Amino acid sequence: MKFMQKRTHMIDFIFPVVLLFVFAVSALVVTLFATNVYQGAVDNSTRNDTARTSLSYITEKIHAGDNDGNVELGMFDGCDAVVISEEINGEEYATYIYVHDGQLKELFAKANAGFSAENGTRILDVNDFSMEQKRDGVFSFSCTDDKGKNATAVVGVRSSK
């Protein structure tokens, strides 16, 4: 009686190892590709959001404070500013939104209290920000963020003095 001996070939060992190697390389390539796509999407989103966020912020502040014509463009410590006035307990207060040292800032204080532009709260970094009044109750804002992305917005107030 002759015992059957199982013969092993080198291919029985090499094939699974090569298959495992191909799978590992494929998984690595797919992971690297997905990482690059994700990073591009995040960079693009960040670039788009900075300029638009600053304009959305100002737009919402104007709409929230739009009572009795109390929204106007003015000056605050030598900076062009959106000035939103309001009366609280018989005292006049103002919210100033302006650009100082490359930062969009906001300051809520008693009107003409003598604060400086440095006292404002930083909102976003911007390279350039301009504002102008197109006509009575209509303002135009333009923002260039630190990545060079530009966005514009036109905001109308509903109330008047």
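Preceding this paragraph is the structure being described.
Residues numbered from 1 in each chain as written. Predicted model: local features only at pLDDT ≥ 70, side-chain atom pairs only at ≥ 80, totals over all residues. Heavy atoms only, no water.

Caption draft 1: Representation of the overall build of the protein within the structure. The helix and strand inventory of the protein stands at one helix and seven strands. Going residue by residue from the N terminus, the α and β elements of the protein occur as α-β-β-β-β-β-β-β. Against the globule reference of 15 Å for 161 residues, the protein gives a C-alpha radius of gyration of 30 Å, more extended than a compact globule. Each of the three principal axes of the protein carries a C-alpha extent, and together these read 115 × 30 × 25 Å. Scored against the burial criterion, the 161 residues of the protein give a buried share of 32%. Per element, the accessible surface of the protein, about 11200 Å² overall, is 54% carbon and sulfur. Across the protein, the mean location of the 15 positive side-chain charges is 18 Å away from that of the 22 negative side-chain charges. (Helix = DSSP H or I, 4+ residues; strand = E, 2+ residues; numbered from the N terminus. Rg over C-alpha atoms; globule rule 2.2 N^0.38 Å. Buried < 20%, exposed > 50% of the residue type's maximum accessible area, 1.4 Å probe, protein only. Areas by Shrake-Rupley, 256 points an atom, 1.4 Å probe, with all protein chains shown as cover. Lys, Arg positive; Asp, Glu negative; His and termini not counted. Charge placed at Lys NZ, Arg CZ, Asp CG, Glu CD.)

Caption draft 2: Region of the structure containing the environment of I123. With respect to the secondary-structure elements, I123 resides in strand β5 (residues 121-135). With 11 residues separating them along the chain, I123 and K134 place their C-alpha atoms 25 Å apart. Look past the residues within four positions of I123 in its chain and what remains in contact with it is Y57, L104, K105 and E106. (Contact = heavy atoms within 4.5 Å.)

Caption draft 3: How the structure looks around the pairing of strand β1 (residues 71-76). Direction of pairing for β1 relative to strand β2 (residues 79-88): antiparallel, over a ladder of six bridges. Directly across from E72, in β2, lies its bridge partner V83. Hairpin connection between β1 and β2: a loop of two residues separates the two successive antiparallel strands, and D77 in this loop has a positive phi of roughly 50 degrees. (Pairing = 2+ DSSP bridges.)

Caption draft 4: The nonpolar core, seen in detail. Grouped together as the largest cluster of nonpolar side chains are 21 residues, with contacts concentrated most on L55, I58, I62, V71, V82, F129 and F141. Contributing elements (two or more residues each) for this core: α1 (10-64), β2, β5, β6 (138-145) and β7 (150-156). Here F141 is in contact with L55, I58, I62, L73, V82, F129, S130, M131, A151, T152, A153 and V155, once residues within four sequence places are set aside. By size, the runner-up hydrophobic cluster in this structure holds 10 residues, among which are C79, V83, A109 and A117. (Core = buried A, V, L, I, M, F, W, Y, C linked by side-chain atoms within 4.5 Å.)

Caption draft 5: Seen up close, the packing of aromatic side chains. Tallied over the entire structure, the rule returns four aromatic pairs. A centroid spacing of 5.0 Å and a plane angle of 50 degrees characterise the contact between F76 and Y98, whose relative ring orientation is tilted. On the criterion of sequence distance, the pair formed by F76 in strand β1 and Y98 in strand β3 (residues 91-100) is long-range, its members being 22 residues apart. Residue F76 is classed as buried on the basis of its relative accessible area of 7%. The interplanar angle of 40 degrees and the centroid separation of 6.3 Å between the aromatic rings of F129 and F141 together place this pair among those described as tilted. Taken as a pair, F129 in strand β5 and F141 in strand β6 lie far apart in primary sequence, 12 residues in all. There is no split in this pair, since F129 and F141 are both buried. Ring pairing ties together the aromatic residues F76, Y96 and Y98, which thus form one cluster. (Phe/Tyr/Trp six-rings, centres within 6.5 Å; stacked < 30°, edge-to-face > 60°.)

Caption draft 6: Looking closely at the pairing of β5. Bridge count for strand β4 (residues 103-110) against β5 is four bridges, and the pairing is antiparallel. Paired with E106 across the two strands is T121, which belongs to β5. Taking the residues that link successive antiparallel strands as the turn, the β5-β6 hairpin has two residues, and the phi of G137 there is positive, at about 85 degrees.

Caption draft 7: Representation of the side chain of H100 within the structure. On the secondary structure map, H100 appears in strand β3. A polar side-chain atom of H100 sits 3.5 Å from a polar atom in the side chain of D101. Those residues in contact with H100 that sit more than four places away from it in its chain are C79, K105, A117 and E118. (Polar contact = N/O pair within 3.5 Å; in protein donor to acceptor, adjacent residues only side chain to side chain.)

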